[in-house]
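Coordinate analysis (summary)
Listed below are the residues making up each chain.
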Amino acid sequence: MKSQALYETLWQAGQGREEDIVLRCGDKSLSYGALFQGILQAEAGLRALGVGPGELVTLFSLNTPEAVMAFYAIDRIGAVANWVDMKVSPAEVEEYLTQAGSRVALVLEVAFSKVYHHRGKAPTQHFVVLPLAPYVAPELEGKLHLNTWQQGAGPDCLSWADFLRAPAQVSPEADRWEEPVAITYTGGTTGPAKGVVLSRRSFAWALEYYTRAETEYGRGGFALVLLPLFAVFGLSQCLHTPLSLGMGVILCPMFRPHDLGDMLRRYRPEQVCGTTAYWQFLLQDAWAAEADLSFLKVPRCGGDVLPAELERRINAFLAQRGCASRLIKEYGMSEDGGIMCVSYGSWEDGDVGRPLPGCRVVAVDPETGALCPPEVQGELLIQSQAVMNGYYRRPEADHQVLKPGPDGTLWVWTKDLGHITADGRVMVTGRKKRMLSRNGFKIFPSVIENCFLEEPQVTACAVVGGKNREGETVPVAYVVPRPGEDLAAVEHALRTRAGAELNTYLIPAAYRFLKELPLTPRGKLDYRTLETWETQREGEG
């Protein structure tokens, strides 16, 4: 495969289309020509601040055009885009900047005060402030106190406009194929967040794999980018891949899962990628209930296990509203550079599709590492050319994830439990750390969740571990009922179903009702918050 900058693939996709719109955000649109000019201006601005190959530039930003320009400018220089969730706590700001050794930080204006005033003794010498005000409604602009960041800024701060005034420089793109080009951080849902180091090789192979799948991806139109760019999936699969294949992208910097219906109504995109939770919210959206969704050609779902019953509900919902495609399920790990399995053309309920051409997925015995035969559950391992370089400054963590597999070669050990079907489909049961043990019996929360989602009165369900009065670990069900349902009636229906369909040790000890389940910043179900609530209840009672 040819070694080239990420910018080069974007530039090739836009040749002869300089006037075509490639980015949309809020009410603003950007052509290929304007995007390329902005990237080169941002490159000049970074070089003027002394940024060179291998240097880490930290970005605290949501999905905005300026963040996209900065990313490709950093790539052209051969520097490293260190993407950090701008919602990190004030106490973590200094840690992220210091760990990266970033002399330059690009900060969205809504996060500027927190980042700037909590930088502590970090080595950061320059802060470039990215605008948000042009992309939000006027009433939100006032609520977020936008356009006010200058009040607390020092001489080491630059507006984006001033940053772009650096003299233009014609510089060749750095030739760095295996060296880092981006660092994104894991969600920390099962432990502390770790920096996933990705190279141009990772992005190039992720693009190549998806192209081989021959989906409708990349054949014109716009993709709605809902997942954050500070996550591998958002950056690689939702931004770089569609742009490289000639699609335009729609950026939603202030997106909330509840807003999916509004985004579909506003932009009418051909392609959408969301988590399971996003599609669940669409089922309850008042506009979508009566909408014509025939414009939606490629509905994609990844990030969380999709229960078979919920999948059937979503597919029925889409079909009844004119969408010609079923939900396309996708599966992969940040450590593998994004998506490694896709269900396109394989429409069985409950799986996550088949490995993309060139990728390998197997199940092994978690204790012995021996290969599991078809239909036998084990830990899932993935092998691909898009694999990360490693975790940033965490070699001990590398050895826990990048290990030899049953054939002696290097694999990513996903910590996901599942199996491979006889016809080659991949089934995911859940995370190893979510497995519970009750008096020696193994409990997989997904078994209980799938059972309860069969109940028409239930829209969402999550099961975590709690303690009974004897101190034993027991499953506890958090349930979101349909609006207007009587909670006592729902609980009775669930207890009846559990008694009829589940083994005794799988029956939840308690049922807790919520209006909605908590989500992580990446739109995944936040099991750690539910577990914390259970621990607090135990402490109180």
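Residues numbered from 1 in each chain as written. Predicted model: local features only at pLDDT ≥ 70, side-chain atom pairs only at ≥ 80, totals over all residues. Heavy atoms only, no water.

Topic: the nonpolar core
By size, the foremost hydrophobic cluster in this structure holds 161 residues, and its most contacted members are Leu46, Tyr72, Leu106, Leu224, Leu260, Trp279 and Phe452. Tallying contributions element by element places helix 3 (residues 65-77) first for this core, with nine residues. Aside from chain neighbours lying at most four places away, what touches Leu46 is Val51, Val57, Ala73, Ile74, Ile77, Val104, Leu106 and Phe163. Counting 11 residues, the second largest nonpolar core, distinct from the first, contains Ala460, Val464, Val476 and Leu530. (Core = buried A, V, L, I, M, F, W, Y, C linked by side-chain atoms within 4.5 Å. Buried < 20%, exposed > 50% of the residue type's maximum accessible area, 1.4 Å probe, protein only. Helix = DSSP H or I, 4+ residues; strand = E, 2+ residues; numbered from the N terminus. Contact = heavy atoms within 4.5 Å.)

Some details on the environment of Ile183
Along the polypeptide, Ile183 turns up in strand 8 (residues 180-185). With 329 residues separating them along the chain, Ile183 and Arg512 place their C-alpha atoms 38 Å apart. Apart from the residues within four sequence positions on either side, Ile183 is in contact with Leu56, Val80, Ala81, Asn82, Trp83, Gly195, Val196, Val197 and Tyr392.

Structural notes on the state of the cysteines
Within the structure shown, the criterion is met by zero disulfides. Sulfur of Cys323: no disulfide; nearest cysteine sulfur belongs to Cys301 and is 13 Å away. For Cys323, a relative accessible area of 6% corresponds to the buried category. Not engaged in a disulfide, the cysteine Cys461 finds its nearest cysteine sulfur in Cys451; these two sulfurs lie 9.0 Å apart. Note on Cys461: relative accessible area 8%, which makes it buried. (Disulfide = S-S within 2.5 Å.)

So, the side chain of Ser236
Mapped onto the secondary structure, Ser236 falls in helix 9 (residues 232-244). Judged by its relative accessible area of 1%, Ser236 is buried.

In short, the description is geometric, and any link to function would need to be established separately.
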